[in-house]
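# Results of the structural survey
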Amino acid sequence: MQRSKTKIEQYHLHKSDPRKLQFELYNLNAYRKKSGNLAAVPHSHSYYQIIWFFNDGGTHTVDFKKYAIKKNTLLFVTKDQVHAFDKNEEVQGWLIHFNESFFKHTDVDMFLKFNIFHMLEKPCYTIEGATVNIASTYISLIQTELEERNRFGYEDSIRFLLKAFLIQLERFHQEDAHSPIQLNSLYERQFFEFKELIEAHFKEGLSVGEYANILNISPKTLSTLTNAVVGRSPSQVIAERTILEAKRLVRFTTLQINEIAFRLGFEDASYFVKYFKRHIGQSPKSYRQSQFT
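Residues numbered from 1 in each chain as written. Predicted model: local features only at pLDDT ≥ 70, side-chain atom pairs only at ≥ 80, totals over all residues. Heavy atoms only, no water.

## Description of the overall build of the protein
Stated formally: Secondary structure follows DSSP: runs of H or I at least 4 residues long count as helices, runs of E at least 2 residues long count as strands, and numbering of each begins at the N terminus. Here the globule rule reads 2.2 Å times residues to the power 0.38, and the radius of gyration is calculated from C-alpha atoms. Residue burial is assigned from relative accessible area. The probe radius is 1.4 Å, only protein chains are included, and a residue is buried under 20% of its type maximum, exposed over 50%, and partly exposed in between. By the convention used here, residues are in contact when the closest approach between their heavy atoms is within 4.5 Å. Here, Shrake-Rupley sampling with a 1.4 Å probe gives the accessible areas, and only protein chains in the shown set may cover a residue. Charged residues are defined here as Lys and Arg on the positive side and Asp and Glu on the negative side; His and the ends of the chain fall outside this count. To locate a charge, take atom NZ for lysine, CZ for arginine, CG for aspartate or CD for glutamate.
Helix and strand content of the protein: 11 helices and 10 strands. Taking 293 residues into account, the globule formula puts the C-alpha radius of gyration at 19 Å, and the protein, at 20 Å, falls close to it. Within the protein, the proportion of its 293 residues that are buried is 47%. The contacts of the protein with a sequence gap of at least 6 include a subset with a gap of at least 24, amounting to 72%. For the protein, the accessible area works out to roughly 15,400 Å², and carbon and sulfur atoms hold 50% of it. Of the side-chain charges in the protein, 38 are positive and 33 negative, and the distance between the mean point of each set is 6 Å.

## Things to note about the pattern of salt bridges
Applicable threshold: By definition here, a salt bridge exists when the distance from a side-chain nitrogen of Lys or Arg to a carboxyl oxygen of Asp or Glu is within 4 Å.
Counted under the stated rule, the structure contains 15 salt bridges. Among the ionic pairs, K79 bridges to E100, the shortest N-O distance being 2.5 Å. Highlighted residues: K79 in the loop between strand 7 (73-77) and strand 8 (83-85) and E100 in the loop between strand 9 (93-98) and helix 2 (107-116), separated in sequence by 21 residues. For K79, a relative accessible area of 25% corresponds to the partly exposed category. With relative accessibility at 18%, the residue E100 sits in the buried group. Members of the salt-bridge network, linked through shared partners, are D63, E199, R241, E245 and R248.

## A short note on the pairing of strand 9
Spelled out, the test is: We treat two strands as partners when DSSP finds at least two bridges between them.
Here strand 9 lies mainly inside the structure; 6 of its 6 residues are buried. Judged by which residues are buried, strand 9 turns out to be covered on both faces: G93, L95 and H97 on one side and W94, I96 and F98 on the other are all buried. Note: strand 2 (residues 23-27) against strand 9, 5 bridges, orientation antiparallel. Within strand 9, the position partnered with N27 by the bridge is W94. Note that strand 4 (residues 48-53) and strand 9 share 6 bridges and pair antiparallel. Opposite Y48, over in strand 9, you have F98 as the bridge partner.

Printed below as a string of structure tokens:
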């Protein structure tokens, strides 16, 4: 029987000392051994995480799926996403942690945030050839900066190197993408702003009209831009985030269904059950049972 668990364990980066650099680079093997069994228990972070696995072997669980690790697999874990290592502590690679505040919100930053760290269907891919060498060079440059943290402009230097590192990875990834998003229109920038608002307010049950009002656009314009960028309506985009959180709470906690409904802003638990079933095809209770069979 699953132990009583009312929340998903979440870890933070320098939360108690915001004056510290909101970025860290770790040797994956040393970090994995230090974290022990805790890393193999599903958990989340309030920061962003990049895991670079050097070798074939093992799996990594992200939300509700297990992904096989291949040589030079890169895994991108967004904040609040639930993930877990397997039991193998002999992994080799790099581990990058950074808080959202470390990224300055330019258009490119927003694009990288939502195109790289929100690949919910497959949050990982492998790199090869020249990209491995380029990525390794950026890691080495970051290491050099971290070794002398009192030098002029070291924080900005690391921020720029991280951005360049991610840009190189995205260039590689887009080579095989069928229709990569390009940040070249007002619609795409507004869409990312809409996604930001959803992250901040999805538990409050805001309507499409209320989101549009915050964005200073009409509901019709909001509908036009979401359909243009992702081919879905605003209500569908909102529902996807709500359902994702619902699935996490049903799967990774032992909260009662009515408690989950309340946490997600539903005043009526029976309506939440119908809402969940409409989107998932089964009730929350049935979904929970199916995850442990």
